[in-house]
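Spelled out from the first residue to the last, the chains are:
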Amino acid sequence: MRTAVALLSLVACTTTAEPCADGFERGADLNCYPIPVPTTTTTDTIPTTPTTETLPTTPEAVRYDGPVFVETATVRCTLDDNAFVLSARTRGWAWRANIVLFGTGLVNPIAEEHDLFSVDADENGWWDALAVGPLIAETPPSLAVRNVHTVLSCYDLEAGFLSYAIRVYDLDDQLVDCITWGHDDALVRDGGAPTDGVSDPLDFSGCFDFDGAEL
């Protein structure tokens, strides 16, 4: 009996076990067990759709939907002093606008009105650049044509004899802003300036005193 046990032990030590199937490994007891699957914390690197809308980084990239108003205004003469150039810039798109020149400092005060036309604009409605001119200066009143001539002189401008008003209308053709500045814009707002040749409304009392205008 001892001899038989010894032979069995010898056979067990010298016998090579068959390999386990794929995905299995042999344990200490010589049985095959599934190989553990390692866990991972790696995240998906494929871009995912944001759950919230990402706003543009610059205001100009979104549509402007605020009030329309004048930001800057300029009245100047050309280098040869023979014509006026009038311009303004609005926040938001202007449907139309006009500028009134009042000769409040002249011996014989006058008023004349011109249209301001859009010459450039932001595609998303953030601003509108308006201008008219050059207007040929010192044109006799009988020959002066709106948006082409002015009866005023560059001396009147340079001497500071002029007051101004700009009125802006929105896309619904509603008057949304009115500014005044210049020689005696308080007289304009008080109704003391001449208004012959000026379109309605002739009441400038609600206009804003535009001290920041660029002259």
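In case you missed it, the structure is sitting above this.
Please read these numbers as outputs of a predicted model, since none were measured by experiment.

The rules behind each value
Residues numbered from 1 in each chain as written. Predicted model: local features only at pLDDT ≥ 70, side-chain atom pairs only at ≥ 80, totals over all residues. Heavy atoms only, no water. Helix = DSSP H or I, 4+ residues; strand = E, 2+ residues; numbered from the N terminus. Contact = heavy atoms within 4.5 Å. Areas by Shrake-Rupley, 256 points an atom, 1.4 Å probe, with all protein chains shown as cover. Salt bridge = Lys/Arg side-chain N within 4 Å of Asp/Glu carboxyl O. Buried < 20%, exposed > 50% of the residue type's maximum accessible area, 1.4 Å probe, protein only. Disulfide = S-S within 2.5 Å. Core = buried A, V, L, I, M, F, W, Y, C linked by side-chain atoms within 4.5 Å. Phe/Tyr/Trp six-rings, centres within 6.5 Å; stacked < 30°, edge-to-face > 60°. Lys NZ or Arg CZ within 6 Å of the ring centre and 35° of its normal. Pairing = 2+ DSSP bridges.

Digging into the overall build of the protein chain
Step number 1: Along the backbone of the protein chain there are three helices and ten strands.
Step number 2: Seen in sequence order, the protein chain has helices and strands lined up from the N terminus as α-β-β-β-β-β-β-β-α-β-β-α-β.
Step number 3: In the protein chain, the share of contacts with a sequence separation of at least 24, taken over all contacts with a separation of at least 6, comes to 57%.
Step number 4: With the model as given, the accessible surface of the protein chain reaches about 13,800 Å², and the carbon-plus-sulfur share is 57%.

A closer look at the pattern of salt bridges
Step number 1: Considering all chains together, one arrives at eight salt bridges under this definition.
Step number 2: Taking the shortest distance from any N to any O, the salt bridge between R89 and E71 comes out at 3.4 Å. Residue R89 is found in strand β4 (residues 83–91), and its partner E71 is found in strand β3 (residues 69–77); the two are separated by 18 residues along the sequence.
Step number 3: Overall, the relative accessible area of 27% leaves E71 in the partly exposed class.
Step number 4: For R96, the salt bridge goes to D173, with nearest N and O atoms at 2.7 Å. Of this pair, R96 sits in strand β5 (residues 96–102) while D173 sits in the loop between β8 (163–169) and β9 (175–182); the two residues are 77 residues apart in sequence, bridging distant segments of the chain.
Step number 5: With a relative accessible area of 36%, R96 lands in the partly exposed category.
Step number 6: On the accessibility criterion, D173 (36% relative accessible area) is partly exposed.
Step number 7: Bridged by salt links that share partners, the residues E113, D115, R146 and R167 form one connected network.

Here's the deal with the state of the cysteines
Step number 1: On inspection of all chains with the given rule, the structure shows two disulfides.
Step number 2: A sulfur-sulfur separation of 2.0 Å characterises the disulfide bridge that pairs C77 with C154. Because the sign of the S-S torsion sets the handedness, a value of about -105° for the bond joining C77 and C154 places this disulfide among the left-handed ones. Here C77 is found in strand β3, whereas its partner C154 is found in helix α2 (residues 154–158), with 77 residues between them in sequence.

What about the nonpolar core?
Step number 1: Core analysis: the largest hydrophobic core is formed by 28 residues, its most contacted members being V75, F84, L86, I99, L116, I166 and W181.
Step number 2: Sorting the residues of this core by element identifies β3, β4, β5, β7 (127–136), α2, β8 and β9 as the ones contributing at least two each.
Step number 3: In terms of residue count, β3 provides more of this core than any other element does, four residues in total.
Step number 4: Within the second largest apolar cluster, ten residues are counted, among which are V100, F102, A111 and V188.

Focus: the packing of aromatic side chains
Step number 1: Here the structure, examined in full by the defined rule, presents five aromatic pairs.
Step number 2: For the ring pair Y64 and W126, a centre distance of 5.0 Å and an interplane angle of 50° mean the geometry is tilted. Of this pair, Y64 sits in the loop between β2 (32–34) and β3 while W126 sits in the loop between β6 (111–121) and β7; the two residues are 62 residues apart in sequence, bridging distant segments of the chain. The pair Y64 / W126 is uniform in exposure class, with both members buried.
Step number 3: Here the aromatic rings of Y155 and F161 are separated by 6.0 Å at their centres, their planes lie at 75°, and the arrangement is edge-to-face.
Step number 4: What makes Y155 exposed here is its relative accessible area of 56%.
Step number 5: Of the aromatic side chains, those joined through ring pairs into one cluster are Y164, W181 and F210.
Step number 6: When the ring centre of Y64 is taken as origin, the NZ or CZ atom of R91, which lies over that ring, is 5.9 Å away.

A closer look at the sheet that holds β6
Step number 1: Pairing within the open sheet is mixed, and its eight strands lie in the order β3-β4-β7-β6-β5-β8-β9-β10. This sheet does not close on itself; its edge strands, each paired only once, are β3 and β10 (208–209).

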